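So you can see what is in the structure, the chains are spelled out below.
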Amino acid sequence: MKIIENIKSSIYNSAYYSEILNKPFSYSLKYFLSLICLIALVSTIIFTFSTLPKINKVFDEIGSNVLNYYPEELEITVKNGIISTNVSEPYFIKAPAEFKNDSKRSDNKTIKDEIDNLLVIDTQSPLNLDAFKDYKTFVLISRDSIAYRDSNEAIKIQFLNQEFNGVITKTKISSALNKIMPYLKVIPLVLVPLVFVGSILGATIKYLIYLIFGALVIWIMAKAMKRNLRFGKSYQIGIHAITLGVILEATVFRFYPNLEFPLFFTLLMFAIVWINLKFLPSVSIPIPTLKKD
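Residues numbered from 1 in each chain as written. Predicted model: local features only at pLDDT ≥ 70, side-chain atom pairs only at ≥ 80, totals over all residues. Heavy atoms only, no water.

A. The overall build of the chain, seen in detail. A count of helical and extended segments in the chain gives 11 helices and 8 strands. When the 293 residues of the chain are sorted by exposure, 36% land in the buried category. For the chain, the accessible surface area stands at approximately 18300 Å², while carbon and sulfur atoms represent 63% of it. (Helix = DSSP H or I, 4+ residues; strand = E, 2+ residues; numbered from the N terminus. Buried < 20%, exposed > 50% of the residue type's maximum accessible area, 1.4 Å probe, protein only. Areas by Shrake-Rupley, 256 points an atom, 1.4 Å probe, with all protein chains shown as cover.)

Here's what the structure looks like:
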């Protein structure tokens with residue numbers, strides 16, 4: 001494939017870089033977009049086979065899990081933003097073992113010992129953080145608000161709108177899920193083209209903007225090497241010189257981000273430019289002569 005040959009030459013081929021100096025900018029732009037599309041295609045394939053099955057599994061389990069956790073007898077009524085129930089309070093829904101085990105801290109420790117309940121309903125007592133902690137729950141429903149733990153384990157409180165009205169029962173939840181699930185099944189299919197297009201747009205904008213700075217580095221470097229490059233040609237050279245960095249960011253550093261260190265991308269581009277331009281002929285600088293009186 002021509003694109004593979006161009007990728008190899010963009011990493012190391014002095015003769016190829018000599019040719020680029022005589023190529024129009026559109027040649028390099030076409031190469032860059034082909035490279036980005038190829039990387040986006042590979043990324044989308046990886047997403048399709050690694051992440052997409054997990055998303056499908058989550059959607060498949062949503063309906064059954066929600067219905068399993070919601071008690072048959074519980075009826076929650078909201079009138080003008082005020083919550084009431086048909087059960088004796090405080091009302092507890094215990095946290096399933098698998099739910100607690102899947103909940104991790106940032107330091108990878110479980111919070112099993114701190115959480116006993118998935119949900120507590122107490123519309124008779126005022127909501128406060130001490131009560132939330134005492135109940136050892138993920139969610140606490142009070143008279144007019146809902147407190148919950150976010151992904152960082154911070155406790156958030158959401159007050160209900162006074163215009164909110166409704167009744168929640170297991171039967172209504174089941175009916176709602178039956179209507180929603182067909183649409184949830186479509187989401188993974190929509191994500192695939194979105195990942196592909198998003199990868200292309202994101203990478204294109206990111207690297208073309210970066211090359212404004214990168215071209216300046218190359219232009220200064222070319223001057224130091226006594227190579228006569230205009231800024232536009234420096235930008236064009238940069239499009240090819242970032243090839244290896246782009247590939248590494250999309251592969252190795254994607255899975256092992258700790259391997260990348262500050263300025264690695266720029267230093268790598270700098271090295272590739274130096275290796276491929278050092279064989280180009282230098283520009284001789286005339287020595288001024290003194291005029292005789």
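B. Region of interest: the sheet that holds strand β7 (residues 155-159). The strand order β3-β4-β5-β6-β7 describes an open sheet built from 5 strands, whose pairing is mixed. Edge positions in the sheet fall to β3 (91-94) and β7, since each of these pairs with one other strand and no more. Taken over all neighbouring pairs, the strand axes of this sheet differ in orientation by 15 degrees on average, direction set aside. (Pairing = 2+ DSSP bridges. Axes fitted to C-alpha atoms, helices over the stretch in contact; angles between N-to-C directions.)

C. Summary view of the layout of surface pockets. Reported here for the largest pocket is a volume of approximately 490 Å³. In this structure, the largest pocket is lined by 18 residues; those nearest its centre are Tyr70, Ile93, Leu119, Val139 and Ile141. Those elements that provide at least two residues to the lining of the largest pocket are α4 (52-69), β1 (76-79), β4 (117-121) and β5 (137-141). Ranked by residue count, the leading element in the lining of the largest pocket is β5, at 3 residues. Tallied by class, residues from the lining of the largest pocket come to 18 nonpolar, no polar and no charged. (1 Å grid on protein atoms, 1.4 Å probe; cavity = no way out; pocket = protein on both sides within 12 Å on 5 of 7 lines; lining within 4 Å. Points joined across faces, edges and corners; volume = space filled by probe spheres on them. Nonpolar A, V, L, I, M, F, W, Y, C, P; charged D, E, K, R; others polar.)

D. How the structure looks around the pattern of salt bridges. For the coordinates displayed, the defined rule picks out 3 salt bridges. For Lys170, the salt bridge is made with Glu72, and the minimal N-O distance between the two is 3.4 Å. Within this pair, whereas Lys170 is found in helix α7 (residues 170-224), its partner Glu72 is found in the loop between α4 and β1, the two being separated by 98 residues in sequence. Owing to a relative accessible area of 18%, Lys170 belongs among the buried residues under this scheme. Of the residues examined, Glu72 reaches a relative accessible area of 63% and is grouped as exposed. A salt bridge links Lys206 to Glu249; its shortest N-O distance comes to 3.0 Å. Highlighted residues: Lys206 in helix α7 and Glu249 in helix α9 (residues 243-250), separated in sequence by 43 residues. (Salt bridge = Lys/Arg side-chain N within 4 Å of Asp/Glu carboxyl O.)

E. The arrangement of empty space enclosed by the protein in detail. Using the criterion set out here, one finds 1 cavity of 30 Å³ or more in the structure. Roughly 40 Å³ of volume is contained in the largest cavity. Together, Asp122, Ser125, Pro126, Leu127, Ala131, Tyr135, Leu140 and Ser142 line the largest cavity. Grouping the amino acids of the lining of the largest cavity by side-chain chemistry returns 5 nonpolar, 2 polar and 1 charged.

F. A look at helix α11 (residues 264-277). The terminal C-alpha atoms of α11 lie 20 Å apart, and with 14 residues this matches the ideal 20 Å at 1.5 Å per residue to within 8%. Of all the residues in α11, the buried ones are Phe264, Phe265, Thr266, Leu268, Met269, Ile272, Val273, Asn276 and Leu277. On the buried face of α11, the contacting elements are α1 (2-11), α2 (14-20), α7, α8 (231-241), α9 and α10 (252-255). (Expected span 1.5 Å × (residues − 1). Contact = heavy atoms within 4.5 Å.)

G. A look at the sheet that holds β1. Strand order in the open sheet made by the 3 strands is β2-β1-β8, with antiparallel pairing throughout. Only two strands of the sheet have a single partner each, and these edge strands are β2 (82-85) and β8 (166-168). Going across the sheet, the axis of each strand differs from the next one's by a mean of 20 degrees, ignoring polarity. Where β1 lies against β8, 3 bridges are found, and the strand directions are antiparallel. Paired with Ile76 across the two strands is Ile168, which belongs to β8.

H. Broad picture of the environment of Leu33. Looking at the secondary structure, you find Leu33 in helix α3 (residues 25-50). Using a relative accessible area of 36% as the deciding quantity, one classes Leu33 as partly exposed. The spacing of Leu33 and Ile239 is 206 residues in sequence and 10.0 Å in space, taken between C-alpha atoms.

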